[in-house]
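The residues making up each chain are set out below.
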Amino acid sequence: MNYDFDTILDRKNTSSVKWDYFDTELPMWVADMDFKAAPEITKAIIDMTEMGVYGYTMIQDKWYEVYIDWWKQYDTKLEKDWLKYTTGVIPAISTVIRKLTSKGDKVLIQTPVYHVFFYIIDDNEREVIENKLIYKDKQYSIDFDDLEEKIARDDVKLMLLCNPHNPIGKIWSKEELERIGQLCRKHDVVVVADEIHGDLTDPGRKYNPFINISEECRDNTIMIIAPTKTFNIAGLKTAAVCIPNINLREKIFKVIDVDCINDPNIFAIKGTIAAYTKGDEWLNQLRQYLYDNKQLLKDYLKNNIPEIELVPSDATYLLWIDCSRLGIHGEDFCDFLNKKTGLLLSPGVQFGKVGEQFVRINIACPRKILLDGLDRLKRGVELYKNR
Ligand SMILES: Cc1ncc(COP(=O)(O)O)c(C=O)c1O
């Protein structure tokens with residue numbers, strides 16, 4: 001079956017964060033997709049609504065099975081006991097931060113990184129400590145000396161790893177992950193591996209689950225996974241925490257219960273099961289569509305807006321664009337773009353000060369919308385240069 005990614009959906013006035021939060025014509029910021037989810041998932045949800053009863057929901061055995069089966073494609077053997085349902089990746093990370101660190105402790109993140117990492121560390125009254133990624137020749141790499149120096153500090157007990165990495169769209173290599181694993185083990189720093197973007201890789205590419213890299217990685221990690229980015233079902237509020245190490249697992253599973261983020265809504269379990277059992281062909285076609293969108297954007301920038309450049313990536317539908325030759329500051333360029341053209345992008349500075357010269361664009365939309373966005377971007381850059 002050929003799935004449809006070309007139809008333009010009207011998401012305005014649907015309480016969509018992407019379309020209704022800001023007053024804008026063309027939002028290409030928050031990470032959800034302007035595509036319908038796979039019809040197989042929608043059918044599972046319609047079947048529930050047709051029954052018409054919205055009572056309490058429990059986690060079926062099938063829920064565990066589908067996670068275990070899905071991760072086999074990554075040569076990763078999950079076990080039922082390792083898995084626990086949570087209402088989202090961020091709620092789980094927030095709970096882990098509270099359990100494994102104390103007020104004033106530092107939590108390490110690799111910047112530029114998903115902006116919500118900053119907020120949850122800050123909201124829990126912990127401090128961010130940044131291992132700034134090195135940006136050279138349009139490639140990002142890890143500054144391992146800086147990483148070791150920082151995780152060796154007594155007040156750093158936790159590292160949030162974004163694997164693959166949002167916003168730079170990088171699949172970390174096994175070697176990079178292995179070194180992170182070794183350093184964290186050596187200095188007793190627990191790793192939270194946020195792998196929500198793991199399935200969204202370029203066709204033919206696979207991400208490397210952190211727990212699969214080595215014994216050290218497996219024993220020292222809280223892996224958090226979900227079908228929500230992959231299948232565009234973030235509103236179902238469904239994720240899984242996976243912890244192979246029994247001591248860590250007992251500690252964290254208990255607080256997930258205490259914090260009451262263990263209870264699914266009526267659609268969360270059915271949606272997850274449908275996604276992981278019936279969504280694979282939809283996902284294959286989606287990955288090709290996203291890849292083609294990325295190529296289109298890359299060519300468009302090269303031919304029409306040579307002042308700004310795409311940072312090459314191999315995962316996620318979030319593209320990171322280097323605007324350093326435009327000399328943008330803070331949020332000024334994105335504000336300007338929105339005001340003058342109606343296009344809303346994410347300012348790079350949201351992802352850390354190191355992102356200041358960048359913007360992030362979400363290309364998970366029908367091609368016509370992408371072209372509209374690129375035309376607006378071109379117009380905006382011209383106006384910005386001549387302002
Ligand atoms: C790296 C990363 N983690 C977590 C989330 C959000 O996860 P959830 O909606 O399950 O809290 C996002 C959403 O964009 C993300 O990019």
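This structure is a prediction, so every number in the text was calculated from the model and none was measured.

A few words now on the domain arrangement of the chain. Entries for the chain in the domain assignment read domain 1 (17-39 + 280-385) and domain 2 (53-278). Taking only C-alpha atoms into account, the centre of domain 1 sits 25 Å from that of domain 2. Counting residues at the interface gives 32 residues for domain 1 and 35 residues for domain 2. Contact with domain 2 buries surface across domain 1, with Arg 287, Asp 314 and Phe 351 losing the most and accounting together for 22% of the total. Viewed at the interface, domain 2 and domain 1 are joined by three salt bridges. When the shortest N-O distance is used, the salt bridge between Lys 294 and Asp 202 registers 3.0 Å. At the junction of domain 1 with domain 2, the criterion picks out 17 residue pairs in polar contact (both at pLDDT 80 or more). Breaking the side of domain 1 that touches domain 2 down by element, the ones donating at least two residues are helix H12 (280-304), strand E11 (309-310), strand E12 (318-322) and strand E15 (358-362). Looking at the side of domain 1 that touches domain 2, the element that brings in the most residues is H12, giving nine residues. In terms of residue class, the side of domain 1 that touches domain 2 is made up of 19 nonpolar, five polar and eight charged.

Moving on to the nonpolar core. Ranked by internal contacts, the top residues of the largest apolar core, which has 80 residues, are Trp 71, Leu 297, Phe 333 and Leu 377. No other element matches H12, which puts eight residues into this core. Each of domain 1 (17-39 + 280-385) and domain 2 (53-278) contributes no fewer than three residues to this core. Leu 297 has contacts with Leu 310, Leu 319, Ile 321, Ile 361, Ile 363, Leu 370 and Leu 374, leaving out every residue within four places of it along the chain.

In this structure, the amide linkage connecting Asn 163 to the following residue, Pro 164, adopts the cis form with an omega of -5°. In this structure, Pro 164 sits in the loop between strand E7 (156-162) and helix H7 (174-186). The linkage connecting Asn 166 with the following residue, Pro 167, adopts the cis geometry, with an omega of 20°. Mapped onto the elements of the fold, Pro 167 is located in the loop between E7 and H7. In this model, Asp 137 sits at a positive phi of 50°, which is unusual for a non-glycine residue. Mapped onto the fold, Asp 137 is located in the loop between strand E5 (134-136) and strand E6 (139-141). Under the relative-accessibility criterion, Asp 137 is labelled exposed at 67%.

Take the environment of Val 30 next. Assignment of secondary structure puts Val 30 in the loop between strand E1 (26-27) and helix H2 (39-51). Residues within four places of Val 30 in sequence aside, it is in contact with Val 17, Lys 18, Arg 360 and Asn 362.

As for its placement among the helices and strands, Thr 272 is situated in helix H11 (residues 268-278). Polar contacts involving the side chain of Thr 272 include one to the side chain of Thr 238, which spans 3.0 Å. Thr 272 has contacts with Trp 63, Val 66, Tyr 67, Pro 227 and Thr 238, leaving out every residue within four places of it along the chain.

Once that is clear, we can look at the site of the ligand. Around the ligand sit Ala 31, Gly 88, Val 89, Ile 90, Pro 91, Tyr 114, Cys 162, Asn 166, Asp 194, Ile 196, His 197 and Lys 229, and that is every residue in its neighbourhood. Taking Val 89, its main chain carries an N or O atom lying 2.8 Å from an oxygen atom of the ligand. Interatomic distance of 2.8 Å between a side-chain N/O atom of Lys 229 and an oxygen atom of the ligand. Look at the ligand: alone it shows 400 Å² of surface, and the protein chains cover 91% of it. Judged by its atoms lying within 2 Å of the grid points, the ligand is housed in the largest pocket. For the shell around the ligand, the element with the most residues is helix H4 (residues 89-100), which contributes three residues. Taken together, the residues of the shell around the ligand break down into seven nonpolar, three polar and two charged.

About the cut-offs
Residues numbered from 1 in each chain as written. Predicted model: local features only at pLDDT ≥ 70, side-chain atom pairs only at ≥ 80, totals over all residues. Heavy atoms only, no water. Domains from an automatic or database assignment. Contact = heavy atoms within 4.5 Å. Buried area = accessible area lost by both parts, 1.4 Å probe. Salt bridge = Lys/Arg side-chain N within 4 Å of Asp/Glu carboxyl O. Polar contact = N/O pair within 3.5 Å; in protein donor to acceptor, adjacent residues only side chain to side chain. Helix = DSSP H or I, 4+ residues; strand = E, 2+ residues; numbered from the N terminus. Nonpolar A, V, L, I, M, F, W, Y, C, P; charged D, E, K, R; others polar. Core = buried A, V, L, I, M, F, W, Y, C linked by side-chain atoms within 4.5 Å. Buried < 20%, exposed > 50% of the residue type's maximum accessible area, 1.4 Å probe, protein only. Near = heavy atom within 4 Å. Areas by Shrake-Rupley, 256 points an atom, 1.4 Å probe, with all protein chains shown as cover. 1 Å grid on protein atoms, 1.4 Å probe; cavity = no way out; pocket = protein on both sides within 12 Å on 5 of 7 lines; lining within 4 Å. Sits in = over half its atoms within 2 Å of the grid points.

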